[in-house]
Amino acid sequence: MSNYLELVDYRSQVADLYGAVRRSEPSQSTWKSWRRSRDRLFATHPQSPIEDREAFASLPFFAYGPEWRTAGVFRPDEDDEVDVVNSGNDTTMFTRIGGVEFDLAGDTHSLGVFWLEAYGGGLFIPFRDRTNSGPTYGGGRYLIDTVKGADLGRSAGGIVLDFNYSYHPSCVHSPRWSCPLAPPANVLDIEVTAGERLI
C-alpha cells in the first residue's frame, strides 16, 4: 500500500475512534476504551508517529476527571488569516474564524477557533496551559482537529470540549513530523491536568 493510502487509512481509523466516543455516554470507561484503541493504533499502524513501535506500550495520561468536560459557545469574529508556527521551520496557514467561550476550573475562558486553509478545510483548536514545558509539551496540545477526525461533536450547550481527550501533536513522538503549535493567543492561565502528558 502506498504511503498516501496508509495515511488515509490511519486518519479513517482515528475518525472511527472519535465516532465511537460520540456514540457513547461520557464516562471514564468510554475514555479508557478510546485510550486502549488509540494505543493499539499507535503500536501497529505504519503511519503511527511512534518511532519504535515494538517497544511502545501506551501513552501516558493524567487521571480522568469529569470536571474537564464542558460545552463551548462559539463566537464568530473577523476572518483573519494567521500563519501558525510549526514545530519545524515552516508555518501553516489558518483563518481565525472566531472563539469558543467555556467554563472550566471555576472560571470562564476562551480559545481561538481556526479553519485550515487547504482543500476541504478543517476546524482546529489547539491550546497551551501552565503544564507546558513540564508534564506536557511546550508547544501545547490539541483539543479539536477535524482533519484528523479528532472531534467530540456538539451538545445543547455548544461545542463539546473534553480536555481528558486532549493530545500531543505527532511531532512530540517523532521529528519527521512538523505540526502546528498553539499560537500565543490560545493560552489558558490554569494547569490543565487532564489529557495526554509526556511522562
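In what follows, the structure referred to is the one given above.
Residues numbered from 1 in each chain as written. Predicted model: local features only at pLDDT ≥ 70, side-chain atom pairs only at ≥ 80, totals over all residues. Heavy atoms only, no water.

Peer 1: Which residues make up the overall build of the chain, and what values go with them?
Peer 2: When helices and strands are counted, the chain shows two helices and seven strands. Listing each helix as α and each strand as β along the chain from the N terminus yields α-α-β-β-β-β-β-β-β. Taking 199 residues into account, the globule formula puts the C-alpha radius of gyration at 16 Å, and the chain, at 16 Å, falls close to it. In the chain, once contacts between residues fewer than 6 apart in sequence are set aside, the share between residues at least 24 apart is 63%. Summed over all atoms, the accessible surface of the chain reaches about 10,000 Å², with 50% contributed by carbon and sulfur. Taking the average location of the 19 positive side-chain charges in the chain and that of its 27 negative ones, the two points are 7 Å from each other. (Helix = DSSP H or I, 4+ residues; strand = E, 2+ residues; numbered from the N terminus. Rg over C-alpha atoms; globule rule 2.2 N^0.38 Å. Contact = heavy atoms within 4.5 Å. Areas by Shrake-Rupley, 256 points an atom, 1.4 Å probe, with all protein chains shown as cover. Lys, Arg positive; Asp, Glu negative; His and termini not counted. Charge placed at Lys NZ, Arg CZ, Asp CG, Glu CD.)

Peer 1: A description of the layout of surface pockets should follow, citing residues and the corresponding values.
Peer 2: Here the largest pocket defines a volume of roughly 490 Å³. Arg 11, Tyr 142, Asp 145, Lys 148 and Ser 170 are the residues nearest the centre of the largest pocket, which is lined by 28 residues in total. For the lining of the largest pocket, the secondary structure elements donating two or more residues are α1 (3-22), α2 (28-44), β2 (91-104) and β5 (141-145). At five residues, the largest contribution of residues to the lining of the largest pocket is made by α1. Residues belonging to the lining of the largest pocket are distributed by class as follows: 18 nonpolar, six polar and four charged. (1 Å grid on protein atoms, 1.4 Å probe; cavity = no way out; pocket = protein on both sides within 12 Å on 5 of 7 lines; lining within 4 Å. Points joined across faces, edges and corners; volume = space filled by probe spheres on them. Nonpolar A, V, L, I, M, F, W, Y, C, P; charged D, E, K, R; others polar.)

Peer 1: Give me the lowdown on the sheet that holds strand β1 (residues 69-85), citing residues and values where you can.
Peer 2: Spatial strand order, β5-β4-β3-β2-β1-β7-β6: seven strands in an open sheet with antiparallel pairing. Since the sheet does not close on itself, it has two edges, and those belong to β5 and β6 (154-155), each with one partner. Sheet analysis places β2 next to strand β3 (residues 107-116), joined by 10 bridges and oriented antiparallel. Across the sheet, Phe 102 pairs through a bridge with His 109, a residue of β3. (Pairing = 2+ DSSP bridges.)

Peer 1: Can you break down the packing of aromatic side chains residue by residue, with the values?
Peer 2: Under the counting rule described, the total for this entry stands at 12 aromatic pairs. Ring centres of Trp 34 and Phe 61 lie 5.8 Å apart, and the angle between their planes is 90°; this geometry places the pair in the edge-to-face category. Of this pair, Trp 34 sits in helix α2 while Phe 61 is found in the loop between α2 and β1, placing the two residues 27 residues apart along the sequence. In this structure, Trp 34 and Phe 61 share a single accessibility class: buried. Aromatic side chains Phe 94 and Phe 124 sit 5.0 Å apart centroid to centroid with 15° between the ring planes, which places their arrangement in the stacked category. (Phe/Tyr/Trp six-rings, centres within 6.5 Å; stacked < 30°, edge-to-face > 60°. Buried < 20%, exposed > 50% of the residue type's maximum accessible area, 1.4 Å probe, protein only.)

Peer 1: Go over the nonpolar core, please, and point to the residues and values.
Peer 2: If you look at the biggest cluster of nonpolar residues, it comprises 27 residues, and the most contacted ones within it are Tyr 18 and Trp 34. No other element matches the five residues that α1 contributes to this core. Membership of the second largest hydrophobic core comes to 18 residues, among which are Trp 68, Val 113, Ile 125 and Phe 163. (Core = buried A, V, L, I, M, F, W, Y, C linked by side-chain atoms within 4.5 Å.)

Peer 1: Outline the side chain of His 168, supporting the account with residue identities and numerical values.
Peer 2: As for its position among the elements, His 168 is in the segment after β7 (158-162). Of note is the side chain of His 168, whose polar atom sits 3.1 Å from the backbone nitrogen of Tyr 137. Here Glu 196 takes part through its side chain, which lies 3.2 Å from a polar atom of the side chain of His 168. Setting aside its immediate chain neighbours within four residues, His 168 contacts Thr 136, Tyr 137, Gly 140, Arg 141, His 173, Glu 196, Arg 197 and Leu 198. (Polar contact = N/O pair within 3.5 Å; in protein donor to acceptor, adjacent residues only side chain to side chain.)

Peer 1: Quick rundown of α2? Include the residues and the values.
Peer 2: Along its 17 residues, α2 runs 24 Å from first to last C-alpha, staying within 8% of the 24 Å computed at 1.5 Å per residue. Buried within α2 we find Thr 30, Trp 31, Trp 34, Arg 35, Ser 37, Arg 38, Asp 39, Leu 41 and Phe 42. Check the buried side of α2 and you find it contacts α1. (Expected span 1.5 Å × (residues − 1).)

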